[in-house]
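Per-entry structural report
In case you want the letters, here they are:
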Amino acid sequence: MILDKFRLDGMAALVTGAGTGLGAAMALGLAEAGADVAALGRRENLVAETARRIEELGRRALAIGADVTKADEVARAVEQTEEALGGVNVLINGAGVINADPSADVSPEDFRFVVDVNLTGAFLCAQAAGRGMIARGAGSIVNIGTFLGERGHRPARAAYNASKYGVVGLTKALAAEWGGQGVRVNCICPGVHRTPMLAPALADPEVEKGLNERTILGRVGEPADIVGLAVFLASDASAYITGESIFEDGGGWL
């Protein structure tokens, strides 16, 4: 049956940035589809709550406090996941930060921090999890970009846009290199969603009104909106898809 292809029963998933927002939503969505899930994030209390909610769904869960910019912490997180849940079948690189300083003013340190988390962190996690996937001859990696990554028409987003455009390039490079070894790599490019990261901006009704007017579907996204696509890309339903960047942005600002 076609719906069986969307199931993730018997799979182990590692989701970074899983404490809040899109990362937490995707971690829970994978669990609902049948996966056991390791939730990784810098704030241990938040990933512990995500793990608790995963267990309430009847799946095994692991909460990992780790920094995706630290290679040793990433390697340890993959080891912990494999020891507790089995080999990592699915990796979702959901960890991300944003900087909205004007490009003429953003400091080199702040620029590097955004690139380190959004791009280098995605690479380190893909590398660490990818080694096991290659050895087993199968796996799915889902990176998280942005609808601004290839469009760029938003002021004061140089670090963020550059890092996320890099994620798209990383996706294509890894897909080309690892596809012959059974590992698929794709990227979701979300639009504006109602998450803690964007809560300060969306607290202004005029800001949300403007975003609604510029988005084809007439609203900002909710975390639940990304879940179906994440499960699809993680599952065998997308078995012949790799190297793609799929926009999940309500039509964006076409």
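In this report, the structure presented in the accompanying data block is examined. Quantities reported herein were computed from a predicted structural model and do not represent experimental measurements.

Another point: the pairing of strand E6 (residues 183-190). The buried count for E6 comes to 8 of 8 residues, which makes it a mostly enclosed element. Alternating residues of E6 divide into Val183, Val185, Cys187 and Cys189 and Arg184, Asn186, Ile188 and Pro190, and every residue in both groups is buried. Of the pairings in the sheet, the one linking strand E5 (residues 139-144) to E6 comprises 6 bridges and is parallel in character. When the sheet's bridge partners are listed, isoleucine 141 is paired in E6 with valine 185. Pairing between E6 and strand E7 (residues 245-248): 4 bridges, direction parallel. Bridge pairing in E7 places isoleucine 188 opposite isoleucine 246.

Another aspect to go through is helix H8 (residues 227-234). Here H8 lies mainly inside the structure; 6 of its 8 residues are buried. By the burial criterion, the buried members of H8 are Val227, Leu229, Ala230, Val231, Leu233 and Ala234. Where H8 is buried, its residues touch helix H1 (21-32), strand E4 (88-93), E5, E6 and E7.

Moving on, we get to H1. End to end, H1 covers 17 Å across 12 residues, agreeing with the expected 16 Å (1.5 Å per residue, within 8%). Of all 12 residues in H1, 11 are buried; the element is thus mostly enclosed. Taken together, the buried positions of H1 are Gly21, Leu22, Gly23, Ala24, Ala25, Met26, Ala27, Leu28, Gly29, Leu30 and Ala31. Positive phi appears at glycine 34, one or two residues downstream of H1, with a value of about 115 degrees.

Here valine 183 is to be found in strand E6. Placed 47 residues apart in sequence, valine 183 and arginine 136 show a C-alpha to C-alpha distance of 9.3 Å. Excluding residues within four positions of it along the chain, valine 183 makes contact with Met133, Ile134, Ala138, Gly139, Ile141, Trp178 and Thr242.

On to the layout of surface pockets. Roughly 1,000 Å³ of volume is contained in the largest pocket. Gly94, Gly96, Val97, Thr195 and Met197 are the residues nearest the centre of the largest pocket, which is lined by 49 residues in total. Mapped onto the lining of the largest pocket, the elements with two or more residues apiece are H1, strand E2 (36-41), helix H2 (44-56), helix H4 (108-136), helix H5 (158-178), helix H6 (199-202) and helix H7 (205-214). Looking at the lining of the largest pocket element by element, the count peaks at 4 residues for H1. When its residues are assigned to classes, the lining of the largest pocket shows 28 nonpolar, 15 polar and 6 charged.

Parameters and conventions
Residues numbered from 1 in each chain as written. Predicted model: local features only at pLDDT ≥ 70, side-chain atom pairs only at ≥ 80, totals over all residues. Heavy atoms only, no water. Buried < 20%, exposed > 50% of the residue type's maximum accessible area, 1.4 Å probe, protein only. Helix = DSSP H or I, 4+ residues; strand = E, 2+ residues; numbered from the N terminus. Pairing = 2+ DSSP bridges. Contact = heavy atoms within 4.5 Å. Expected span 1.5 Å × (residues − 1). 1 Å grid on protein atoms, 1.4 Å probe; cavity = no way out; pocket = protein on both sides within 12 Å on 5 of 7 lines; lining within 4 Å. Points joined across faces, edges and corners; volume = space filled by probe spheres on them. Nonpolar A, V, L, I, M, F, W, Y, C, P; charged D, E, K, R; others polar.

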